[in-house]
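Inside the fold
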Amino acid sequence: VQLQASGGGLVQAGGSLRLSCTASGRTFSSYAMGWFRQAPGKEREFVAAISWSSGSTFYADSVKGRFTISRDNAKNTVLLQMNSPKPEDTAVYYCAADPRRRIGVTSSPNMYEYWGQGTQVTVSS
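Below: a short report on this structure.

So, how was this worked out
- Residues numbered from 1 in each chain as written.
- Predicted model: local features only at pLDDT ≥ 70, side-chain atom pairs only at ≥ 80, totals over all residues.
- Heavy atoms only, no water.
- Helix = DSSP H or I, 4+ residues; strand = E, 2+ residues; numbered from the N terminus.
- Buried < 20%, exposed > 50% of the residue type's maximum accessible area, 1.4 Å probe, protein only.
- Contact = heavy atoms within 4.5 Å.
- Areas by Shrake-Rupley, 256 points an atom, 1.4 Å probe, with all protein chains shown as cover.
- Lys, Arg positive; Asp, Glu negative; His and termini not counted.
- Charge placed at Lys NZ, Arg CZ, Asp CG, Glu CD.
- Disulfide = S-S within 2.5 Å.
- Pairing = 2+ DSSP bridges.
- Core = buried A, V, L, I, M, F, W, Y, C linked by side-chain atoms within 4.5 Å.
- Polar contact = N/O pair within 3.5 Å; in protein donor to acceptor, adjacent residues only side chain to side chain.
- Salt bridge = Lys/Arg side-chain N within 4 Å of Asp/Glu carboxyl O.

Now for the overall build of the chain. Across its full length, the chain holds zero helices and 11 strands. N-terminal to C-terminal, the α/β element order of the chain is β-β-β-β-β-β-β-β-β-β-β. Here the chain holds 125 residues, and the buried ones make up 42% of them. Put simply, 59% of the contacts in the chain that link residues at least 6 apart link residues at least 24 apart. For the chain, the exposed surface amounts to about 6,300 Å²; the carbon and sulfur share of it is 47%. If you average the places of the 13 positive and of the 8 negative side-chain charges in the chain, the two averages end up 6 Å apart.

Next up on the list: the state of the cysteines. Within this structure, the stated rule accounts for one disulfide. Between the sulfur atoms of C21 and its disulfide mate C95 the distance is 2.1 Å. The S-S bond linking C21 to C95 shows a torsion near 60°; that makes this disulfide right-handed. Pair noted here: C21 is in strand β3 (residues 16-23) and C95 is in strand β9 (residues 91-98), with a separation of 74 residues, a long-range link. As far as the burial class goes, C21 and C95 line up, both buried.

Counted residue by residue, strand β8 (residues 77-83) has five buried out of seven residues, so it is predominantly covered. Inspection of the sheet shows strand β7 (residues 67-72) paired to β8 by six bridges, in the antiparallel sense. Bridge pairing in β8 links R71 to V78. In this structure, the hairpin formed by β7 and β8 is closed by a connection of four residues, where N76 is found at a positive phi of approximately 55°.

Here the focus is the nonpolar core. Of all hydrophobic cores here, the largest spans 34 residues; its most connected members are M33, W35, L80 and Y93. For this core, the secondary structure elements donating two or more residues are β1 (3-6), β3, β4 (32-38), β5 (45-50), β7, β8, β9 and β11 (119-124). Apart from residues lying up to four places away in sequence, M33 is in contact with L3, C21, F28, A48, A49, I50, I69, R71, V78, A96, A97 and Y112.

Relative to the assigned elements, T119 resides in strand β11. A polar contact of 3.1 Å, which involves the side chain of T119, links it to the backbone nitrogen of G8.

With that settled, consider the pattern of salt bridges. Scanning all chains against the criterion turns up six salt bridges. Between D61 and K64 there is a salt bridge, with its nearest N and O atoms 3.2 Å apart. Looking at D61, the relative accessible area reads 66%, which means it is exposed. R101 is paired through a salt bridge with D98; the nearest N and O atoms lie 3.0 Å apart. The class of D98 is buried, set by a relative accessible area of 1%. Each of R37, E45, R66 and D89 takes part in salt bridges that share partners, so that together they form one network.

This is the structure we're talking about:
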């Protein structure tokens, strides 16, 4: 599976931005998917995840109520809608695929086997 993240850019605090991750391969619909981010000088951290069926979603406390993860299995795409972003949301955002999870989702990056190349999000104050 190859993942391609896009949609990053410069956004003002309080605005909105939508990230997209497109996957190659016919098995995308069976994978749990997640978004992670990494700011300069910091470790990669979990942002949001969605199960293969969209039945389960999970968010980091820092983005809960502001970000929404969704997926369209027919288009092999997972989205991250970022509403009311804050300057502390500035980071490189990565999408990732967890091919083995059948129930629920995980925030552990070690469980995600495939990673996209990342897209830069910069939030200005």
